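Chain by chain, the residues run as shown.
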Amino acid sequence: MSKYILHNFDLLREEDFSLKINNRSFLYADGFFESIKVINSICFNLECHFDRIEKTANFFKMDIDLSYSELKNILDILIIKNEIIGGNLRVVFFRESEGKYFPEENKISFVAEIEKLDNGFFFNENGLKLGVFKEIRKDKSKFSNYKTTNAAIYVLASIYAKENIWDDCLLLNSENNIIESSNSNLFLVKENIIFTPPLEDGCVDGTMRNYLQSQFNVVEKSITKKDLLVASEVFLTNSIKGVKWIERFEEKRYQSYKVARLVFNKLNF
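Summary of the structure given here. (Residues numbered from 1 in each chain as written. Predicted model: local features only at pLDDT ≥ 70, side-chain atom pairs only at ≥ 80, totals over all residues. Heavy atoms only, no water.)

**Details of the overall build of the protein**
Stated formally: Strands here mean DSSP runs of E at least two residues long; helices mean DSSP runs of H or I at least four residues long; both are numbered from the N terminus. Two things to know: the radius of gyration comes from C-alpha atoms, and the globule rule equals 2.2 Å times the number of residues to the power 0.38. Buried means the residue's accessible area, taken with a 1.4 Å probe over protein chains only, is under 20% of the maximum for its type, while exposed means over 50%, and partly exposed covers the values in between. To be clear on the numbers: accessible area is Shrake-Rupley with a 1.4 Å probe, and residue cover counts the displayed protein chains and nothing else. His is not counted, nor are the chain ends, whereas Lys and Arg count as positive and Asp and Glu as negative. Lys charges are placed at NZ, Arg charges at CZ, Asp charges at CG and Glu charges at CD.
Counting secondary structure elements, the protein contains seven helices and 15 strands. Relative to the 2.2 N^0.38 estimate, which gives 18 Å for 269 residues, the radius of gyration of the protein is 19 Å and therefore close to what a compact globule would have. In terms of overall dimensions, the protein has C-alpha extents of about 50 × 40 × 35 Å along its principal axes. The buried share among the 269 residues of the protein stands at 48%. Within the structure as shown, the protein displays about 13,900 Å² of accessible surface, and the carbon and sulfur contribution to it stands at 50%. Mean positive and mean negative side-chain charge positions of the protein (36 and 39 charges, respectively) differ by 5 Å.

Right, here's the structure in full:
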């Protein structure tokens, strides 16, 4: 069966679609993306994703002519056409314009694709092992909060984790605070209080991070290596995998994942 993708509001066979060589996302990373979990053929937490789409487009001065209902309807069609029950839906937005660094216009276009995935969130039986990626640091700026198509630091961090036989690794900002992993937001627990780095420290403004903050009392605080070493529990969240608990960070081993389990249970109410 052919796989179908979306180009704006056009449903196309995957093999019939190609990007132009002057696509600005390809040439200048002039774009951003959303990864959306599909459960029972429905986009999970789509309102939060759409809110971030609007905020990101406004930040990058892109003109977005797309309503929530329009996006939902067209993504529903894509899900049905590909016969997806559980999956991962990725939507890439880019500025549709001629020009070099300076765009001649700010019209936005998007491409969406979907792949089959587990139908729901699943709690990891074995805890993850983490290290720290120190070769490149993220800036403390609003730019760092968005999921742009320039993901080089996350690619290099993922390679570094693989080279060191870790499941993932944590990223530092320009002040050496730990802010996130290569693909997830970071949370730690100390004295039954959940902490997470503030957006001002440069972490991605994750949709699952926002969901968790709406359901639990979470304290925002700059995180250091020492904080991780004295924490009773550490876990990661992202929109596709949900919640993943950490067994080890460098020499530190965590004996508990009860809060991570509570958060996971909230996702599967």
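**Side note on the nonpolar core**
One recurring pattern in soluble globular proteins is that nonpolar side chains are buried together. Which entries qualify depends on this criterion: Here, nonpolar core refers to any group of buried Ala, Val, Leu, Ile, Met, Phe, Trp, Tyr and Cys residues whose side-chain atoms link them within 4.5 Å. Residue contacts are counted whenever heavy atoms from the two residues lie within 4.5 Å of one another.
The biggest cluster of nonpolar side chains holds 27 residues, and the ones touching the most others in it are Leu71, Leu75, Leu89, Val91 and Phe93. Sorting the residues of this core by element identifies strand E1 (4–7), strand E3 (31–39), helix H2 (46–59), helix H3 (68–81), strand E5 (87–95) and strand E6 (108–116) as the ones contributing at least two each. Setting aside residues up to four positions removed in sequence, Leu75 forms contacts with Leu6, Ile36, Cys43, Leu46, Leu89, Val91 and Ala112. Core analysis: the second largest hydrophobic core is formed by 18 residues, Met208, Tyr211, Val218 and Leu267 among them.

**Brief notes about the environment of Val259**
When you line up the elements, Val259 lands in helix H7 (residues 258–267). Residue Val259 is classed as buried on the basis of its relative accessible area of 11%. Residues within four places of Val259 in sequence aside, it is in contact with Val189, Ile194, Glu233 and Phe235.

**Focus: the packing of helix H5 (residues 207–215) against H7**
For any two helices packed against each other, the geometry is given by the interaxial angle and the distance between the axes. Formally: Only the contacting stretch of a helix is used when fitting its axis, a line to C-alpha atoms as for every element, and angles between N-to-C directions run 0 to 180 degrees. For classification purposes, an angle smaller than 35 degrees is called roughly parallel, one larger than 145 roughly antiparallel, one from 65 to 115 roughly perpendicular, and anything else oblique.
Running from N to C, H5 and H7 cross one another at 100 degrees; their axes reach a closest spacing of 11 Å. For the element pair H5 / H7, the angle class is roughly perpendicular. Judged by residue contacts, Met208, Tyr211, Leu212 and Gln215 of H5 engage Val263, Lys266 and Leu267 from H7.

**Regarding the pairing of strand E10 (residues 185–190)**
The following threshold applies: What makes two strands pair is DSSP finding at least two bridges between them.
In terms of burial, E10 is a largely internal element, five of the six residues being buried. Note that E10 and strand E13 (residues 233–238) share five bridges and pair antiparallel. Looking at the pairing, Asn185 lines up with Thr237 of E13. Note: E10 against strand E11 (residues 193–196), three bridges, orientation antiparallel. By the bridge assignment, Lys190 is partnered in E11 with Ile193. Counting the residues in the hairpin turn of E10 and E11 gives two residues, including Glu191, whose phi is positive at 55 degrees.

**Topic: the packing of H2 against H3**
To keep it simple, the criterion reads: What makes a crossing left-handed is the near helix being turned counterclockwise from the far one by less than a right angle; a clockwise turn instead makes it right-handed.
Relative orientation of the contacting elements H2 and H3 amounts to 120 degrees, with a least axis distance of 11 Å. Classified by the interaxial angle, the pair formed by H2 and H3 is oblique. Crossing geometry of H2 relative to H3 is assigned as right-handed. Of the residues in H3, those touching H2 at Leu46, Glu47, Phe50 and Ile53 are Tyr68, Leu71, Lys72 and Leu75.

**Remarks on the sheet that holds E3**
Read from one edge of the open sheet, six strands run E2-E1-E6-E5-E3-E4, paired in antiparallel fashion. A single partner strand is all that each edge strand has here, and the edge strands are strand E2 (10–13) and strand E4 (42–43). With four bridges joining them, E1 and E2 adopt antiparallel strand pairing. Within the sheet, the bridge partner assigned to Leu6 lies in E2 and is Leu11. Against the sheet, H3 makes contact with E1, E2, E3, E4, E5 and E6, and its axis sits at roughly 160 degrees relative to E1, the strand it touches most.

**Considering a negative patch on the surface**
Stated formally: Patch definition: residues above 30% relative accessible area lacking any salt bridge, with like charges linked at up to 9 Å and the nonpolar side chains Val, Leu, Ile, Met, Phe, Trp and Tyr linked at up to 5 Å. We count a salt bridge whenever a side-chain nitrogen from Lys or Arg sits within 4 Å of a carboxyl oxygen from Asp or Glu.
A cluster of acidic residues, Asp63, Asp65, Glu70, Glu96, Glu98, Glu104 and Glu105, forms a negative patch at the surface. Mapped onto the elements of the fold, Glu70 is located in helix H3.

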